[in-house]
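Descriptive analysis of the structure
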There are 2 protein chains.
Amino acid sequence: VDAKSLRLYRWYYSRICQWGLGLTIAVVLLLAFVERPSSLSVSSDPRRRAPPWEPPCGFTESIEMVCLAIFTLDLAVKSYLIGWEEFRKSKWLICYMVVIVASVIDWMLTISMDCEEKLRVRRLIRPFFLLQNSSLMKKTLKCIKRTLPEIASVILLLALHLCLFTMIGMLLFAKTEDPEKNGEWELYFRDLPHSLTSLLVLLTTANNPDVMIPAYSLNRGYSIFFICFSVIGTYFLMNLLTAIIYNQFRGYLLMSVQTSIIRRRLGIRAAFQILSCHGARRAAAESVKVDAVLEVMSRVQMKSYYRVAIVKVRANTRPAACHTHTTRGSAQGRTLIMRQNESCKFHPPSPQYDSVLLQKLQRIFGHYYFTIVGNAVALVNVMCICTVLVLNSDKSIAEKDDYYMEVINCCFIFYYLLEMSLKIFAFGWRGYLSYRNNVFDGLLTILLLALQIIVFATYRFPYSQRDPHGLLSLWELVRLINMLIVFRFLRIIPDIKLMTLVASTLLDLVKNLRAFAGVLVVVYYMFAVFGIWLFEGAITPPPTHMSVLSNSSLENITSNFSMECGTYEQLGYWPNNFNDFAAAIILLYNVMVVNNWQAFMEAYSRYTSPWAKVYFVSWWLTSSVMWVNLFVALILENFIYKWDRCHSCSVIDVERTR
Amino acid sequence: VDAKSLRLYRWYYSRICQWGLGLTIAVVLLLAFVERPSSLSVSSDPRRRAPPWEPPCGFTESIEMVCLAIFTLDLAVKSYLIGWEEFRKSKWLICYMVVIVASVIDWMLTISMDCEEKLRVRRLIRPFFLLQNSSLMKKTLKCIKRTLPEIASVILLLALHLCLFTMIGMLLFAKTEDPEKNGEWELYFRDLPHSLTSLLVLLTTANNPDVMIPAYSLNRGYSIFFICFSVIGTYFLMNLLTAIIYNQFRGYLLMSVQTSIIRRRLGIRAAFQILSCHGARRAAAESVKVDAVLEVMSRVQMKSYYRVAIVKVRANTRPAACHTHTTRGSAQGRTLIMRQNESCKFHPPSPQYDSVLLQKLQRIFGHYYFTIVGNAVALVNVMCICTVLVLNSDKSIAEKDDYYMEVINCCFIFYYLLEMSLKIFAFGWRGYLSYRNNVFDGLLTILLLALQIIVFATYRFPYSQRDPHGLLSLWELVRLINMLIVFRFLRIIPDIKLMTLVASTLLDLVKNLRAFAGVLVVVYYMFAVFGIWLFEGAITPPPTHMSVLSNSSLENITSNFSMECGTYEQLGYWPNNFNDFAAAIILLYNVMVVNNWQAFMEAYSRYTSPWAKVYFVSWWLTSSVMWVNLFVALILENFIYKWDRCHSCSVIDVERTR
């Protein structure tokens, strides 16, 4: 360990460098939206979309090359820092190297073929850059890998369940001589693939009442078959899967936090061990001045409550103000504090006024009830908007009278401004900003004010000259203001006690979700790229009906077309396709939500080949079965962790605007 | 406490008496299927159903009166046993009395009106009899009641979320001047009730891609609104509800088991305290003979492993074979054993044969591999059936050649019989029956044999004279045999290690589920009765199309009818109605499964009044939100309990047929 590599290490792990790396990864991933087939069109509907802007050959490629160069540099620095021995052992780094090399080779192929090649392998392996950069994501992957055998057993049980019921179903609903009674056979149990698909879709409940209707309408008894299937498959086995995944992730959060704390503490201990060894040679009494320590403290990047805690510890050990001791104490203090992390939050004191009247006013406006009055006013405002909406719901823009709406909004915005300034008067600037919901409130109020000023500037007072040729018409502006007011109404959440825990769990969850979101992005990315390869342009809508359809969609669909109900074509799912990256992601999202996914599966297997079902089923397994369950496990984990901590610690600091 | 009331107590809590009471409750509840509107028809489809058999007036009423008399007797005995003081304190008993009185009054009203009255209040309060009879159900109810405030907070948050998004949605998708762009407004955001319903249904994902299609096809950006709504509402808030409910039920199972054990132990302690006090007066040395104790033991009703444990304890304390000591020890032993309950299961020893050949054969057939061979044969059989099914899927019954199928099945059944007898030879009768999967196996084999004999008896060997006029045609019989063979294939589950835990969790779950199933029955019953009151005969299908529809359903639906796709009428949901109790239950089940529930809601609010939505939404909240989450919580609880116990105890007795 020499000074140069230490400096390199510090520089590499500095915030700027890591941000730059994150940005590069984001840029590489976002390239997929711009690359051919480009997603830069307003609509993804093939009937409406104009030919999108395609980037010239070499544009995305040059950006990509820069990114790849940065990754190569990153790899070089990383491998230099950890040394050759460690590099050989680390599978992730070797994979990183392989991925970069493969990308560069693929890039050169693209350039040599003038961007005309169809298959871009490097798009598929791009998400790897995201994966390898986050240790939490690697940990999550490991955890998922550990869970796989258990999940496999349930999936096996599910498959067995599906197969047995398929056979029983085919035996039950065989073709009979009476054509009246063949409804079930004809629609859902025609042959083995049909029956399997029907029951697989029933497992996701996406065709629930439909699949049983023909048989059920003949005889009540047949419903028992379907209910048994759903209860065992959907309710028992699927939920068991949730249980298994949760069981594996139980304690995962706590453990990962603990191990990272322990590792950091060990590192600090070891560092001070070395320091004190050096120090022992130089005689022990060489103490550091308190002021110097304070100065160091103020320049080190750490959160404010750490600093306060360290200063406190220092106060206790002041007589022997040895640097090592203090900072060692501070290290322990830091780990101690880290646990109560959120439970200590300091609000700056309110400003002191001399006048009695001002003090009285301060007490009034700083009171908790003042916030409640503000909430009530916000509620009244939302109700106003709601009433106007209900009254105006049938009118089109031209018929609407925005004048009253605008006046009402103006009054309310004035009140909000007043409330904000009074609160600032009562708490002072810093006190006002130290509450999270005040920040939220203030930001929205300022935004509203800005919009209102724009309205005034453009349309003047009596609103007589209506000018729809501006950037945004008056109606658009009023609509935006209304939306912001509705959004601002969320400020009531922290004031309802019951909701506080729930809302704070949600906020915490978002923090802890990063690793999962990363894995999700990786999975979505890979499936979307793969889907574009397989199904790009597979479905083309009937071109003749384009003008008819756009006129009045509803009647035409049901009368003119002779399309079967419930199919992709009848439902008009045209904008859900694999023609570009953005559309592919929305399609995958729709399949993840599960409802009506059989329409997509059926359409793509009809337009391409029956094997397209494999793609959709595997996406269903990955997203809906695996990922949603992981998500449920994470929510359970977070909520219970939060609940236990909240009930074990005696002092709960409920953040409240007094 | 005198001898008479003690005898009454023993008699009341005897198994026969409690079974009788349970039977009475079942009879009272099942009356709903027979009462007017009776469910005794083959189909619930109003287009197909013949007028069902209506019970004569007085038939169900007399049965009900007998049941009510039994309940009155039950109430009298119970209140006599616990005494007047306790009776006044127990709310459940007072309610019980009130419910009986109300039922009797309502019954008399019915009789006086010659069974013509429309509103039978007593049908609605009948499920109370089920509730009050089970202490576990009462406990579950209490637990649910405790959870309600937390659930309410999430529901409130959900409502807020829904309202805010509805307003933003109405602002976004307002009516514009361009009729092409009004698709979203026209279909889903026409006015406030429409918008609320659309987004509420989207919360259940039941109209997921459809609701966003008109807007999404215009502009990709609109999809963000719907995705945000679904992600926050469906994924975050709904799963948070699961977390909250699970958090409340965590430890519920363990705690309820523990308290019941502690209570029982306390009771036994107290009983022996009294006994020993009596005994002290009569001089302590009056010991009981060991044989007498043994005889008592053998006559007391307890499970075999308790008995073995008590005999063991007795062996240790034999010198001082004092009755109180022994049984006190046994009481402790019992509570000890109760915990390891399942981990000790004794298999009777295999029979001893003298001949070396027989011993060798015994070793072969008792070996674990022999079971595996059996499984392989079962698999081959299922594959055969599957192949025949695939080959024959297009043929109707007359074209099918059942001869080969029958011969193949015959061979396999012969093999199964052979396997069974060889196993009995190897393990002995008792040894064979001590394994659960052998019992399953044996039962199915005997059933198959019986069916095969019936086939032989009816159709003789060459199957030349085909006689479709019998009770069951040959095809039906073969079909039944095939189904049983497929069902028998489930025997492989315990032999796959990974599945054993999962399957045993499922089995355990069914045991622990009784209380929940009871609550579910109560909820279903009440909603079904209520639904019949409100919506009986509300929807009548178009009578003219009856003959057309039955001919070939598919083409007619899409071409002749001018019905909108996705509605109740187009989907042919006629058999799902509230015209009788059984149909109402199936309809409620279909709404619980959530998929396409908006079709029911929309149809009933169209045919009756818009307020019908309230009924469906409240059922959705009770069943799909509350009950399904309770179920998930129960599964999580059970699995984690099982998992922890399985990993904490060192000796796992995996039941295995060697």
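Thresholds, definitions, all that
- Residues numbered from 1 in each chain as written.
- Chains lettered and ligands numbered in written order.
- Predicted model: local features only at pLDDT ≥ 70, side-chain atom pairs only at ≥ 80, totals over all residues.
- Heavy atoms only, no water.
- pLDDT = per-residue confidence, 0-100.
- Helix = DSSP H or I, 4+ residues; strand = E, 2+ residues; numbered from the N terminus.
- Contact = heavy atoms within 4.5 Å.
- Least-squares fit on C-alpha atoms with pLDDT ≥ 70 in both.
- Salt bridge = Lys/Arg side-chain N within 4 Å of Asp/Glu carboxyl O.
- Buried < 20%, exposed > 50% of the residue type's maximum accessible area, 1.4 Å probe, protein only.
- Axes fitted to C-alpha atoms, helices over the stretch in contact; angles between N-to-C directions.
- Parallel < 35°, antiparallel > 145°, perpendicular 65-115°, else oblique.
- Left-handed = near helix turned anticlockwise from the far one by under 90°.
- Phe/Tyr/Trp six-rings, centres within 6.5 Å; stacked < 30°, edge-to-face > 60°.
- Lys NZ or Arg CZ within 6 Å of the ring centre and 35° of its normal.
- Buried area = accessible area lost by both parts, 1.4 Å probe.
- Nonpolar A, V, L, I, M, F, W, Y, C, P; charged D, E, K, R; others polar.
- Expected span 1.5 Å × (residues − 1).
- Bend = angle between axes of the 7 residues up to and from the residue.
- Polar contact = N/O pair within 3.5 Å; in protein donor to acceptor, adjacent residues only side chain to side chain.
- Core = buried A, V, L, I, M, F, W, Y, C linked by side-chain atoms within 4.5 Å.
- Disulfide = S-S within 2.5 Å.

Time to look at the confidence of the model for chain A. All names here are of chain A. Summary statistics for chain A give a mean pLDDT of 78 and a share of 80% for residues scoring 70 or more. Per-element mean pLDDT across chain A ranges from 43 in helix α23 (residues 546-551) up to 91 in helix α26 (residues 581-592). Predicted confidence is poor over residues 317-345, with pLDDT under 50, and the contacts of this stretch with residues over four places away or in other chains come to 33 contacts.

We now examine the relation of the copies chain B and chain A. Take chain B, turn it by 180°, move it 0.0 Å along the axis, and it overlays chain A with an RMSD of 0.1 Å. Seen this way, the second copy is the image of the first under a two-fold rotation axis. In terms of proximity to the rotation axis, the leading residue of chain B is Cys 565 of chain B, whose C-alpha is 2.8 Å off the axis. A share of 100% of the interface residues of chain B reappears at the interface of chain A, consistent with the copies meeting face to face through the same patch.

Residue and element names in this part refer to chain A. Applying the stated criterion across every chain, the model contains 32 salt bridges over all chains. Notably, a salt bridge pairs Glu 419 with Arg 491, separated by 3.2 Å at the nearest N-O pair. Residue Glu 419 is found in helix α18 (residues 402-433), and its partner Arg 491 is found in the loop between α20 (474-488) and α21 (497-512); the two are separated by 72 residues along the sequence. For Arg 491, a relative accessible area of 5% gives the class buried. Among the ionic pairs, Asp 441 bridges to Arg 488, the shortest N-O distance being 3.1 Å. Linking Asp 441 in helix α19 (residues 436-459) with Arg 488 in helix α20, this pair joins segments that are 47 residues apart in sequence. Summarising the burial analysis for this pair, Asp 441 and Arg 488 share the class buried. The structure contains a network of salt bridges with shared partners spanning Glu 35, Glu 64, Asp 106, Arg 122, Arg 123 and Arg 126.

This part covers the packing of helix α9 (residues 192-203) of chain A against helix α11 (residues 222-249) of chain A. Residue and element names in this part refer to chain A. Contact geometry for α9 and α11: axes closest at 9 Å, N-to-C directions at 55°. Put simply, α9 runs oblique to α11. Note on packing geometry: the crossing formed by α9 with α11 is right-handed. Counting all contacts with α9, which are made through Leu 199, Leu 202 and Leu 203, the residues of α11 involved are Phe 226, Phe 229, Ser 230, Gly 233, Thr 234 and Met 238.

In total, this model carries 87 aromatic pairs over all chains according to the counting rule given. Considering the side-chain rings of Phe 165 of chain A and Phe 229 of chain A, the 5.3 Å spacing of their centres and the 65° angle between planes classify their relative orientation as edge-to-face. Of this pair, Phe 165 of chain A sits in helix α7 (residues 135-172) while Phe 229 of chain A sits in helix α11, and the two are 64 residues apart along the sequence. Judged by relative accessible area, Phe 165 of chain A falls into the buried class, the value being 15%. On the basis of an interplanar angle of 20° and a centroid distance of 5.1 Å, the ring pair of Tyr 573 of chain B and Phe 600 of chain B is categorised as stacked. Of this pair, Tyr 573 of chain B sits in the loop between α25 (568-571) and α26 (581-592) while Phe 600 of chain B sits in helix α27 (residues 597-607), and the two are 27 residues apart along the sequence. On the basis of relative accessible area, Tyr 573 of chain B is assigned to the buried category, the value being 0%. Judged by its relative accessible area of 0%, Phe 600 of chain B falls in the buried class. The residue whose ring lies beneath Arg 190 of chain B is Trp 185 of chain B, and the NZ or CZ to ring-centre distance is 5.1 Å.

Looking now at the interface of chain B and chain A. In this complex, chain B contributes 123 residues to the contact, which on the side of chain A involves 123 residues. Of all residues in chain B, the largest losses of buried area upon contact with chain A belong to Leu 171, Arg 220 and Tyr 235 of chain B, amounting jointly to 7% of the total for that side. Here Arg 220 of chain A and Asp 580 of chain B are joined by a salt bridge, their closest N and O atoms 2.6 Å apart. In terms of residue count, the dominant contributor to the side of chain B that touches chain A is helix α11 (residues 222-249) of chain B (16 residues). Of the residues assigned to the side of chain B that touches chain A, the class counts are 74 nonpolar, 29 polar and 20 charged.

Another point: the environment of Lys 139 of chain B. Note on placement: Lys 139 of chain B falls in helix α7 (residues 135-172). Measuring from C-alpha to C-alpha, the distance between Lys 139 of chain B and Ser 256 of chain B comes to 8.7 Å, with 117 residues separating the pair along the chain.

The next thing to look at is unusual backbone geometry. Of note in this structure, Thr 205 of chain A is not a glycine but carries a positive phi near 60°. Summarising the element assignment, Thr 205 of chain A is placed in the loop between α9 and α10 (208-218). With a phi angle near 80°, Val 594 of chain B is a residue other than glycine that sits in the positive phi range. Inspection of the secondary structure assignment puts Val 594 of chain B in the loop between α26 and α27.

Turning our attention to α7 of chain A. Residues and elements named next belong to chain A. Along its 38 residues, α7 runs 53 Å from first to last C-alpha, staying within 8% of the 56 Å computed at 1.5 Å per residue. A bend of about 40° at Leu 148 is the largest found in α7, and the proline Pro 149 appears one to four places after it. Between a side-chain oxygen at the N-terminus of α7 and the backbone nitrogen of Met 137 the separation is 3.0 Å; the capping residue is Ser 134.

Within the largest apolar cluster, 287 residues are counted, with the highest numbers of intra-cluster contacts made by Trp 597 and Phe 616 of chain A together with Trp 597 and Phe 616 of chain B. Other than its neighbours up to four places away in sequence, Trp 597 of chain A contacts Leu 200, Val 201, Thr 204, Ala 206, Val 591, Phe 616, Val 617 and Trp 620 of chain A.

What follows is about the state of the cysteines. This model, assessed by the stated rule, comprises one disulfide over all chains. Here Cys 565 of chain A engages in a disulfide with Cys 565 of chain B; their sulfurs sit 1.7 Å apart. With the S-S bond torsion at -75°, the cross-link from Cys 565 of chain A to Cys 565 of chain B turns out left-handed. Placement of the pair is Cys 565 of chain A in the loop between α24 (553-558) and α25 (568-571) and Cys 565 of chain B in the loop between α24 (553-558) and α25, with the two residues belonging to separate chains. For the pair shown, Cys 565 of chain A and Cys 565 of chain B are each scored as buried. Summary of cysteine pairing: Cys 384 of chain A is not part of a disulfide, and the nearest cysteine sulfur, belonging to Cys 411 of chain A, is at 9.8 Å.

Attention shifts here to the side chain of Asn 409 of chain A. Residue and element names in this part refer to chain A. Checked against the element boundaries, Asn 409 lands in helix α18. Exposure remark for Asn 409: the relative accessible area of 0% places this residue in the buried category. There is a polar contact of 2.8 Å between the side chain of Asn 409 and the side chain of Asn 482. Residues contacting Asn 409, with those up to four places away along its chain left out, are Asn 381, Val 478, Ile 481, Asn 482 and Ile 485.

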